[in-house]
Amino acid sequence: MALCGHRNPDGDCLGSVLALAQALQSLGVAATPLLATAEKPKVYDFLPGYEQLLPAAEYSEDPDVFVMLDVPEDARMDDAAAVRARARATVKIDHHPGPEDIADFAYIDVDAAAVGVLVWELLPQLGVQPSAGMARCCYAALLTDTGSFRFQNADQRAFEAAAQMVAAGAEPSLVASMVYQRKSLAALQLESRVAQRARFACGGRLVVSWMDESDLAELGATKDDCEELTDVVRQIDGPEVSVILRGMGTHIRGSIRSKTDHDVAAVAKTMNGGGHRAASGFTLYGPMEEAVQTVVDRVAQSFGLEPGEAR
């Protein structure tokens, strides 16, 4: 059996994959946790099972079952798509709205704060007694996808799951420290640069900023140092919607967030993306200035405003 999440894996993606892999292994199942690409975020190296993560391109077996977690669409599977194609059966576990027909069996619960919550709730159904390692992985998944329990998805179900994880051995202070308090100087300099570039539009209801690979090279930063950039602009007081654009080679990856009930998933969908109502992603191509203006235009349309320029 093989398990995999989306490319550029975040805490929910990796935590969910590793927790379920450990659960299956405890049942005697030969479960291999995979990475959609060769990228292995160092920030999550404290998660049990991290050392088992194998790039999908290096996995040559034909698995009986392939489980995709936190993967809303085919396009985000990268090298893992070939493994899925070789599998005899496929399973999808997700909390993003998306097509269910990319797997033979699908469990999608859009009300769950994180896929880590779905995995946690699945453990007793598998007959698994959660270990401290599984609890740490699921807690990291939940902590990161709720923005340290600050986002709108931090509901009663999320807090009840968190309490159960802590009772099973998850260490809240350790997980928070490992995820949020190990930043490099280059990461802080990159965050400062992104803050200085912040532009406002839609009568102050939108803030957008950006970075690209030249910033990484100049500051000596890595992709791992981009992990918290979304929160840099989201923290600014006033705007309801925040966007961070990351120029990576030929494409620009965008992360869009809402502090209110404004549906940013609908906005992202107009830019080849999607996700949650309060947190989504998208991909654009072309010069950064054009991408910034595209974002302004699409968000303005969603607010029912005339497109303007970000200033």
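Above: the structure in question.
Analysis parameters
Every chain is numbered independently, its residues counted from 1 as its sequence is written. Where totals are concerned, whole chains, interfaces and linings use all residues; where local detail is concerned, this predicted model gives features only for residues with pLDDT of at least 70, and gives and counts side-chain atom pairs only at 80 or more. Working from all heavy atoms in the structure, the side-chain values ignore hydrogens and water. Here a strand is any run of E in DSSP of at least two residues, a helix any run of H or I of at least four, and the numbering for each starts at the N terminus. Note on method: radius of gyration uses C-alpha positions; expected globular size equals 2.2 Å times residues raised to 0.38. Buried means the residue's accessible area, taken with a 1.4 Å probe over protein chains only, is under 20% of the maximum for its type, while exposed means over 50%, and partly exposed covers the values in between. When checking whether two residues touch, look at their non-hydrogen atoms; a contact exists if any pair is within 4.5 Å. Where accessible areas are quoted, they stem from the Shrake-Rupley method and a 1.4 Å probe; at the residue level, only the protein chains shown are allowed to cover. Here the positive residues are Lys and Arg and the negative ones are Asp and Glu; neither His nor the chain ends is included. Note that the charge is assigned to NZ on lysines, CZ on arginines, CG on aspartates and CD on glutamates. Any two strands with at least two DSSP bridges between them are considered paired. Each axis is a line fitted through C-alpha atoms, and for a helix only the stretch in contact is used; angles between axes span 0 to 180 degrees, taken between their N-to-C directions. Residues with no salt bridge and a relative accessible area higher than 30% make up the patches, which join like charges within 9 Å and nonpolar side chains (Val, Leu, Ile, Met, Phe, Trp, Tyr) within 5 Å. The term salt bridge refers to a pairing of a side-chain nitrogen on Lys or Arg with a carboxyl oxygen on Asp or Glu at a separation within 4 Å. One fewer than the residue count of a helix, multiplied by 1.5 Å, yields its expected span. Pairing of aromatic rings covers Phe, Tyr and the six-membered ring of Trp, with a centre-to-centre limit of 6.5 Å; geometry is then stacked below 30 degrees between planes, edge-to-face above 60, and tilted otherwise. We count a charge as sitting over a ring when the NZ of a lysine or the CZ of an arginine lies within 6 Å of the ring centre and within 35 degrees of the ring normal.

Chemist: Just checking my understanding: could you explain the overall build of the protein chain for this structure?
Modeler: Scanning the protein chain from terminus to terminus reveals 11 helices and 12 strands. Against the compact-globule benchmark of 19 Å for 311 residues, the protein chain has a radius of gyration of 19 Å, which places it among compact chains. Every one of the 311 residues in the protein chain was classed for burial, and the buried ones make up 52%. Of all intrachain contacts in the protein chain linking residues separated by at least 6 positions in sequence, the fraction that spans at least 24 positions is 61%. For the protein chain, the exposed area adds up to about 13300 Å²; of that, 50% sits on carbon and sulfur atoms. Across the protein chain, the mean location of the 27 positive side-chain charges is 3 Å away from that of the 44 negative side-chain charges.

Chemist: Even after reading the chapter, I still don't get the sheet that holds strand β4 (residues 65-69), so can you show me in this structure?
Modeler: Across a sheet, paired strands are connected by hydrogen bonds in the backbone, their directions being either parallel or antiparallel. Across the sheet, which stays open at both edges, the six strands sit in the order β3-β2-β1-β4-β5-β6 with parallel pairing between neighbours. Either end of the sheet is taken by a strand with one partner, and the two such strands are β3 (54-55) and β6 (105-108). Strands β4, β5 (89-94) and β6 of the sheet are contacted by helix α3 (residues 115-126), whose axis makes an angle of about 115 degrees with β5.

Chemist: How do you make sense of a nonpolar patch on the surface when you look at a structure like this?
Modeler: Taken together, the side chains of Leu 27, Val 29 and Leu 126 make up a nonpolar region of the molecular surface, amounting to roughly 200 Å² of accessible area. Structurally, Leu 27 can be placed in the loop between α1 (11-26) and β2 (32-35).

Chemist: Even after reading the chapter, I still don't get the pattern of salt bridges, so can you show me in this structure?
Modeler: Once their charged atoms are close, side chains differing in charge can pair, the charge on each being opposite to the other. A complete count under the given rule lists 18 salt bridges for this structure. In this structure, the salt-bridge partner of Arg 88 is Asp 64, at a minimum N-O distance of 2.7 Å. Here the residue Arg 88 occupies a position in the loop between α2 (80-86) and β5, and Asp 64 occupies one in the loop between β3 and β4, the gap between them amounting to 24 residues. For Asp 215, the salt bridge is made with Arg 197, and the minimal N-O distance between the two is 2.8 Å. Of the two residues, Asp 215 sits in helix α8 (residues 213-219) while Arg 197 sits in the loop between α7 (185-196) and β7 (199-201), which places them 18 residues apart along the sequence.

Chemist: Looking at this structure, how should I read unusual backbone geometry?
Modeler: Leave glycine aside and you will find that most residues have negative phi; peptide bonds, for their part, are mostly trans. In this structure, Asn 8 is a non-glycine residue whose phi angle is positive, near 50 degrees. With respect to the helices, strands and loops of the structure, Asn 8 is situated in the loop between β1 (2-4) and α1. Despite not being glycine, Ser 148 has its phi angle at roughly 60 degrees, a positive value. Along the chain, Ser 148 falls in the loop between α4 (132-145) and α5 (156-167).

Chemist: Explain α3 to me, please; I cannot follow it from the model alone.
Modeler: Note: α-helices contain 3.6 residues per turn, so residues at a spacing of three or four share the same orientation. Compared with the 16 Å implied by 1.5 Å per residue over 12 residues, the 16 Å span of α3 between its first and last C-alpha is a close match. Buried residues of α3: Val 115, Gly 116, Val 117, Leu 118, Val 119, Trp 120 and Leu 123, and no others. Contacts made by the buried residues of α3 are with α1, β4, β5, β6, α4 and α5. Among the residues trailing α3, Gly 127 stands out with phi positive, at a value near 80 degrees.

Chemist: Sorry, what's going on with the packing of aromatic side chains here?
Modeler: In this description, a pair of aromatic rings is defined by centroid distance and the angle of the planes. What the rule picks out here adds up to two aromatic pairs. Ring geometry for Tyr 139 and Phe 149: centres 6.2 Å apart, planes at 50 degrees, overall tilted. Taken as a pair, Tyr 139 in helix α4 and Phe 149 in the loop between α4 and α5 lie far apart in primary sequence, 10 residues in all. What links up through ring pairs into an aromatic cluster is the set Tyr 139, Phe 149 and Phe 159. Positioned above the aromatic ring of Tyr 50 is the side chain of Lys 40, whose terminal nitrogen or guanidinium carbon lies 4.5 Å from the ring centre.

Interpretation note: all reported values are geometric properties and have no functional meaning in isolation.
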